[in-house]
Amino acid sequence: MQAFWKKNQQTIAPWLFLLPGIAMFSIYVVYPIFGSIQISFFDWDGLGEKTWVGMGNYVELLDDESFYTSLKNNIIWLVLYLLAIPAGLFVALFLNQTVRGIRIYKSMFFFPFVISQVVVGLVFSWFYDPSFGLLNVALGAIGIEPIAVLADERFVTYGIIAAGLWPQTAYCMILYLTGLNAVDPEQIEAARLDNAKSWKMLWYIILPQLRPATFIALVVTIIGALRSFDLISIMTAGGPWGSSRVLAFYMYEQAFSEYGFRMGYGAAIAVVLFLIMMVYISGFLYKMYRDERGH
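Residues numbered from 1 in each chain as written. Predicted model: local features only at pLDDT ≥ 70, side-chain atom pairs only at ≥ 80, totals over all residues. Heavy atoms only, no water.

## Regarding a nonpolar patch on the surface
Part 1 of the reasoning: A surface patch of nonpolar side chains, about 1100 Å² in accessible area, is lined by F110, F111, F113, V114, V118, V119, L122, V123, W126, F132, W166 and I234.
Part 2 of the reasoning: Listed by contribution, the elements that provide at least two residues to the nonpolar patch are helix 5 (102–114) and helix 6 (117–128).
Part 3 of the reasoning: Along the chain, F111 turns up in helix 5. (Patch = residues over 30% accessible without salt bridge, like charges linked within 9 Å, V, L, I, M, F, W, Y side chains within 5 Å. Areas by Shrake-Rupley, 256 points an atom, 1.4 Å probe, with all protein chains shown as cover. Salt bridge = Lys/Arg side-chain N within 4 Å of Asp/Glu carboxyl O. Helix = DSSP H or I, 4+ residues; strand = E, 2+ residues; numbered from the N terminus.)

## Digging into the packing of helix 5 against helix 8 (residues 156–180)
Part 1 of the reasoning: Close contact between helix 5 and helix 8 brings their axes to 7 Å; oriented N to C, the two are set at 115°. You can see that helix 5 and helix 8 cross each other, and the crossing is left-handed. Of helix 8, the residues touching helix 5 (which contributes F109, F110, F111, P112 and F113) are W166, P167, A170, Y171, M173 and I174.
Part 2 of the reasoning: Of the residues that constitute the contact of helix 5 with helix 8, the class distribution is 11 nonpolar, no polar and no charged. (Axes fitted to C-alpha atoms, helices over the stretch in contact; angles between N-to-C directions. Left-handed = near helix turned anticlockwise from the far one by under 90°. Contact = heavy atoms within 4.5 Å. Nonpolar A, V, L, I, M, F, W, Y, C, P; charged D, E, K, R; others polar.)

## Focus on the nonpolar core
Part 1 of the reasoning: L61, W77, I160 and M235 are the most contacted members of the largest nonpolar core, which has 60 residues in total.
Part 2 of the reasoning: Among the elements that line this core, the one with the most residues is helix 8, at 11 residues. (Core = buried A, V, L, I, M, F, W, Y, C linked by side-chain atoms within 4.5 Å. Buried < 20%, exposed > 50% of the residue type's maximum accessible area, 1.4 Å probe, protein only.)

## Re the packing of helix 3 (residues 65–81) against helix 11 (residues 211–226)
Part 1 of the reasoning: For the pair helix 3 and helix 11, interaxial distance at closest approach is 8 Å and the crossing angle is 150°. In terms of their interaxial angle, helix 3 and helix 11 are classed as roughly antiparallel. Where helix 3 crosses over helix 11, the two elements pack in a sense that is right-handed. On helix 11, the residues that touch N74, W77, L78 and Y81 of helix 3 are T221, I222, G224, A225 and L226. (Parallel < 35°, antiparallel > 145°, perpendicular 65-115°, else oblique.)

## Focus: the pattern of salt bridges
Part 1 of the reasoning: Under the definition given, this model contains 3 salt bridges.
Part 2 of the reasoning: The residue R262 makes a salt bridge to E60 at a minimum N-O spacing of 2.9 Å. Remark: E60 occurs in helix 2 (residues 56–62) and R262 occurs in the loop between helix 13 (247–256) and helix 14 (263–294); sequence separation between them is 202 residues.
Part 3 of the reasoning: In this structure, the salt-bridge partner of D152 is R154, at a minimum N-O distance of 2.8 Å.
Part 4 of the reasoning: By relative accessible area, D152 is classed as buried at 18%.

## Looking at the packing of aromatic side chains
Part 1 of the reasoning: Across all of its chains, the model carries 15 aromatic pairs by this definition.
Part 2 of the reasoning: With a centroid separation of 5.9 Å and an interplanar angle of 55°, the aromatic rings of F124 and Y128 are classed as tilted. One end of the pair is F124 and the other is Y128, both in helix 6 and 4 residues apart, which spans about a single turn. Exposure class is identical for F124 and Y128. Each is buried.
Part 3 of the reasoning: Between F229 and F249 the ring centres are 5.6 Å apart and the planes differ by 35°, which places this aromatic pair in the tilted class. Taken together, the residues F229 in the loop between helix 11 and helix 12 (230–235) and F249 in helix 13 connect sequence positions 20 residues apart.
Part 4 of the reasoning: An aromatic cluster is present here, built from F41, F42, W52 and Y58 joined pairwise through their rings.
Part 5 of the reasoning: Against the face of F42 rests K50, its NZ or CZ located 5.6 Å from the ring centre.
Part 6 of the reasoning: Sitting above the plane of the Y265 ring, R262 keeps its charged end 4.3 Å from the centroid. (Phe/Tyr/Trp six-rings, centres within 6.5 Å; stacked < 30°, edge-to-face > 60°. Lys NZ or Arg CZ within 6 Å of the ring centre and 35° of its normal.)

By themselves, these are just geometric observations and shouldn't be taken as functional.
And the structure:
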């Protein structure tokens, strides 16, 4: 045994270090995924006997108007949430300077990331309040009637997304600030000698070196957009009349709320959400792999 260990130590040692992480990931991520897929084929209230319905839950989804509303809102979330990436990049470029007082600005922009999503939801609920909210006070000052953002089907989803973009932009900013610390200064100097300025410097010199940070920002932002739940629960609870639901919140409503404890139906919604995530993340992973091979 000792001879085997000495011969294969470099091969085995990394796996021994990885084993606790692999075990935790398998127990808390992989096993629940397969468990949800299994439950989605049953009609089950979470306590009694399971009744096999096969693809029945998925067939029901096809005729569920609330499911399509949630799916449409998730697509809106996904498209608009990606604005956090360029916003975070430009904030990071602004903060990546050695000027007096820059640490104060960094702490101000970093603040949204460290506060709870619940607090963010409450702050923006007050901000949108039609009676005393700062938004409507500002609108009233220029002669515009108050807008009940969270009570209007036309604006509610966009209002919640705006609240979510605040901390998400701060998170992307942190990723890009870390990436900017690793930018090669010699390439910057060489580009300046070639008269590369402003946008050309950013596009051809800085952004290629920020590719790893951009990839992480994309994956985290897409996952955040697709599993959005906290802000919707705090700000509207899916209202008005279910118009601000997303798949994650609709899954919760069907599986755990007073709507009937439909664990199987909720699991089917979760599986659909998981597949959407996998499509996007697999696409980005493939693109990253192809780009690396190209280099």
